[in-house]
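Chain by chain, the residues run as shown.
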Amino acid sequence: KEFPLKSAPPGYHQKRQNTYMYTDWAIGRFFRALKNAPYYKNSIIIITADHGYMVLNDTPYPGFPYSYIHIPLIIHSNSHPGINNGKIVRTLGSQIDVGPTILDLLGISYNNKMLGTSLVQDSQSKRFVSFIYHNIKGWINGDRMGVFSPSRGGKIFKVPEYQGWLKGKWQLAN
């Protein structure tokens, strides 16, 4: 069945809105087809992205959108008891944490020689991620974010509370 193109509101974000609608439709189609497959009951489905979308320039550091480094991680299983479908975990992490997280959710003990750590067990205060956005490099550790670019130098900010959106104001860290 072909994607039923819907009309997004006209304007700058119309193409982006059509992309969101298509993605939602395609993922739904994928899951409907998968549920009829014999291997579905033994499957773990992982959906993530390599970057977010610049909603707006939502940091005080010119040219760096915090929303660009905020990405989804969806882990779904129909049969593995360690995977709680529908649970929202708001913890700092990156793609290197996916492997240890899956092993942890499956209850598989392992000697971690990976760079990442489980998003399930590790405390938020121990979390550290690094990122690159064009020529801007940075890190987030707990409630601090360091950002550096060759043309603008570096700054360290206190990250406002984040619950799907930023709540509060950015401040320079001491």
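Only a predicted model underlies this, so the values are computations on that prediction, with no experimental measurement involved. Along every chain, residues carry numbers that run from 1 in the direction the sequence is written. For this predicted model, a pLDDT threshold of at least 70 governs which residues receive local features, and a threshold of 80 or more governs which side-chain atom pairs are given and counted, while totals over whole chains, interfaces and linings are taken from all residues. Where side-chain values are given, they derive from all heavy atoms of the structure, hydrogens and water being excluded.

### Things to note about the overall build of the chain
Point 1. Going along the chain from the N terminus, every DSSP run of H or I of four or more residues is numbered as a helix, and every run of E of two or more is numbered as a strand. Per the secondary structure count, the chain includes two helices and nine strands.
Point 2. Helices and strands appear in the chain in the N-to-C order α-β-β-α-β-β-β-β-β-β-β.
Point 3. Residue burial is assigned from relative accessible area. The probe radius is 1.4 Å, only protein chains are included, and a residue is buried under 20% of its type maximum, exposed over 50%, and partly exposed in between. Counting over 174 residues, the chain shows a buried share of 28%.
Point 4. For accessible areas, the Shrake-Rupley method is used with a probe of radius 1.4 Å. Any residue's cover is judged against the shown protein chains and nothing else. A total of about 11,900 Å² of accessible surface is found on the chain, and carbon and sulfur atoms cover 56% of it.

### Some points on the nonpolar core
Point 1. Throughout this description, the term nonpolar core refers to a set of buried Ala, Val, Leu, Ile, Met, Phe, Trp, Tyr and Cys residues connected via side-chain atoms within 4.5 Å. Counting residues in hydrophobic clusters, the biggest one holds 13 residues, and the most contacted among them are Tyr61, Phe64, Phe131, Ile136, Ile140, Met145 and Val147.
Point 2. Those elements giving two or more residues to this core turn out to be β3 (128-133), β4 (136-141) and β5 (144-149).
Point 3. A per-element tally of this core places β3 first, with three residues.
Point 4. Residues Ile75, Ile83, Val98 and Ile102 belong to the second largest nonpolar core, which totals five residues.

### With respect to the pairing of strand β6 (residues 153-158)
Point 1. Here β5 runs beside β6; their pairing, made up of six bridges, is antiparallel. Looking at β6, one finds that glycine 146 is bridged to isoleucine 156.
Point 2. A pair of strands counts as paired when DSSP detects no fewer than two bridges linking them. Counting the residues in the hairpin turn of β5 and β6 gives three residues.

### Looking at the side chain of serine 118
Point 1. By secondary structure assignment, the location of serine 118 is in the loop between α2 (98-105) and β3.
Point 2. Among the residues examined, serine 118 registers a relative accessible area of 5% and is labelled buried.
Point 3. Within 3.5 Å is the distance limit for a polar contact, defined as a pair of N or O atoms, with the added protein rule that one can donate a hydrogen and the other accept it, and that residues adjacent in sequence qualify only through two side-chain atoms. Within the local environment of serine 118, its side chain forms a polar contact with the side chain of aspartate 104, the two groups lying 2.7 Å apart.
Point 4. Side-chain polar atoms of serine 118 contact the backbone nitrogen of valine 120, separated by 3.0 Å.
Point 5. We call two residues in contact whenever any of their non-hydrogen atoms come within 4.5 Å of each other. Excluding anything up to four places from it in sequence, serine 118 contacts Pro100, Thr101, Asp104, Tyr110 and Arg127.

### Notes on the packing of aromatic side chains
When we look at a pair of aromatic rings, we describe it by the centre distance and by the angle of the planes.
Point 1. Working definition: a ring pair exists when centres of Phe, Tyr or Trp rings (six-membered ring for Trp) sit within 6.5 Å. Plane angles under 30 degrees give stacked, over 60 give edge-to-face, the rest tilted. Per the counting criterion, the structure on display carries three aromatic pairs.
Point 2. Ring plane angle 40 degrees and centroid distance 5.6 Å describe the contact between tyrosine 22 and tryptophan 25, whose orientation is recorded as tilted. Linking tyrosine 22 with tryptophan 25, this pair stays in helix α1 (residues 14-35), spanning three residues, or about one helical turn.
Point 3. Taking relative accessible area as the criterion, tyrosine 22 reaches 42% and is therefore assigned partly exposed.

### What about the pairing of β4?
Point 1. Here β4 shows one buried face, formed by Ile136, Gly138 and Ile140, and one open face, formed by Lys137, Trp139 and Asn141.
Point 2. Pairing between β3 and β4: six bridges, direction antiparallel. Within the sheet, the bridge partner assigned to phenylalanine 131 lies in β4 and is glycine 138.
Point 3. Count of turn residues in the β4/β5 antiparallel hairpin: two residues, of which glycine 142 carries a positive phi of about 60 degrees.

Note that every value here comes from positions in space, so none of it alone points to a role or purpose.
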